[in-house]
Amino acid sequence: EPEVTQTPSHQVTQMGQEVILRCVPISNHLYFYWYRQILGQKVEFLVSFYNNEISEKSEIFDDQFSVERPDGSNFTLKIRSTKLEDSAMYFCATSRGSTEAFFGQGTRLTVV
Amino acid sequence: RKEVEQDPGPFNVPEGATVAFNCTYSNSASQSFFWYRQDCRKEPKLLMSVYSSGNEDGRFTAQLNRASQYISLLIRDSKLSDSATYLCVVNRVSSNTGKLIFGQGTTLQVKP
């Protein structure tokens, strides 16, 4: 069964450092998303991406965040200068259309 | 008011019990509805889509009432392996992409 793949599974970084989280979508999916889940809290929408541009972003997705699909396969989330409160599980999700989405196993980001 | 509301539980039930979860959503523009399951520190996994006509998948039955903006999930003959957090999710489409809005989840513990 095709699946969304995320790397790394766990990233520890110092406050102020840049991190890049990577995702390989399911091959025939055209819609890509990033979500995050702070420990003990609900899953929150960050951004949606379609046709090589951002379709929608949440208030969380400020200037410190960016997404791109540099090589037609990977879909990346960059956090430019990490803060302690960025510590969370980051999930990539993809879908064929604007329907249900399938999630990767997540990257646990710990900012120290 | 939260866009998707669920009773967080926990629901503690014996094996074999029938358990029902409810969820309400506030945005009448929501277009698609789902139940996802999330195990501890894992990604959300699609359990089933929810339709107005009601749909069943084995021991699981989902129902949608658009007029009342209410979604339900019924689990019959619960198993130990059903222990997880059940996420009520609505999809709101804008700018050609869907955006999944998650409830905070309902925790189910099935005891032997």
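Residues numbered from 1 in each chain as written. Chains lettered and ligands numbered in written order. Predicted model: local features only at pLDDT ≥ 70, side-chain atom pairs only at ≥ 80, totals over all residues. Heavy atoms only, no water.

**Student:** Any chance you could explain the state of the cysteines here in plain terms?
**Tutor:** Per the stated rule, a full pass over the model turns up 2 disulfides over all chains. Residue pairing for A:Cys23: its cysteine sulfur links by disulfide to A:Cys92, the two sulfurs lying 2.0 Å apart. Across the disulfide from A:Cys23 to A:Cys92, rotation about the S-S bond amounts to roughly -60°, and the bridge is consequently left-handed. Residue A:Cys23 is found in strand β3 (residues 19–24), and its partner A:Cys92 is found in strand β9 (residues 88–95); the two are separated by 69 residues along the sequence. For the residue pair A:Cys23 and A:Cys92, the accessibility class agrees, reading buried in each case. Shown here is the disulfide that connects B:Cys23 with B:Cys88, its sulfur atoms set 2.0 Å apart. (Disulfide = S-S within 2.5 Å. Helix = DSSP H or I, 4+ residues; strand = E, 2+ residues; numbered from the N terminus. Buried < 20%, exposed > 50% of the residue type's maximum accessible area, 1.4 Å probe, protein only.)

**Student:** I would appreciate a short explanation of the interface of chain B and chain A in the present structure.
**Tutor:** Much of the literature gives interface size as the accessible area that the parts lose upon coming together. The interface is formed by 22 residues belonging to chain B together with 23 residues belonging to chain A. Summed over both partners, the interface of chain B with chain A comes to about 1,900 Å²; 55% of that surface belongs to carbon and sulfur atoms. The interface formed by chain B and chain A holds 1 salt bridge in total. Across the pair A:Glu56 and B:Lys99 runs a salt bridge, and its minimum N-O distance is 3.1 Å. Counting every contact that joins chain B to chain A gives 4 residue pairs in polar contact (both at pLDDT 80 or more). For the side of chain B that touches chain A, the elements supplying multiple residues, two or more each, are β4 (32–38), β5 (45–50), β9 (84–94) and β10 (97–102) of chain B. In terms of residue count, β10(B) provides more of the side of chain B that touches chain A than any other element does, 5 residues in total. (Contact = heavy atoms within 4.5 Å. Buried area = accessible area lost by both parts, 1.4 Å probe. Salt bridge = Lys/Arg side-chain N within 4 Å of Asp/Glu carboxyl O. Polar contact = N/O pair within 3.5 Å; in protein donor to acceptor, adjacent residues only side chain to side chain.)

**Student:** Just to check I follow, could you spell out the side chain of B:Asn91 for this structure?
**Tutor:** Residues and elements named next belong to chain B. Among the secondary structure elements, Asn91 is positioned in strand β9. Judged by its relative accessible area of 0%, Asn91 falls in the buried class. From its side chain, Asn91 meets the backbone nitrogen of Lys99 in a polar contact 3.0 Å long.

**Student:** What should I look at first to understand the sheet that holds strand β1 (residues 5–7) of chain A in this one?
**Tutor:** Strands belonging to one sheet form pairs held by backbone hydrogen bonds; the direction of such a pair is parallel or antiparallel. Residues and elements named next belong to chain A. Sheet architecture is open: 4 strands sit in the order β1-β3-β8-β7, paired in antiparallel fashion. Looking at strand neighbours, the two that pair on one side only are β1 and β7 (65–68), the edges of this open sheet. Averaged over neighbouring strand pairs, the angle between their axes works out to 15° when direction is ignored. In this sheet, strand β8 (residues 75–79) lies alongside β7 in antiparallel orientation, the contact comprising 4 bridges. The residue of β8 that forms the bridge with Val67 is Leu77. (Pairing = 2+ DSSP bridges. Axes fitted to C-alpha atoms, helices over the stretch in contact; angles between N-to-C directions.)

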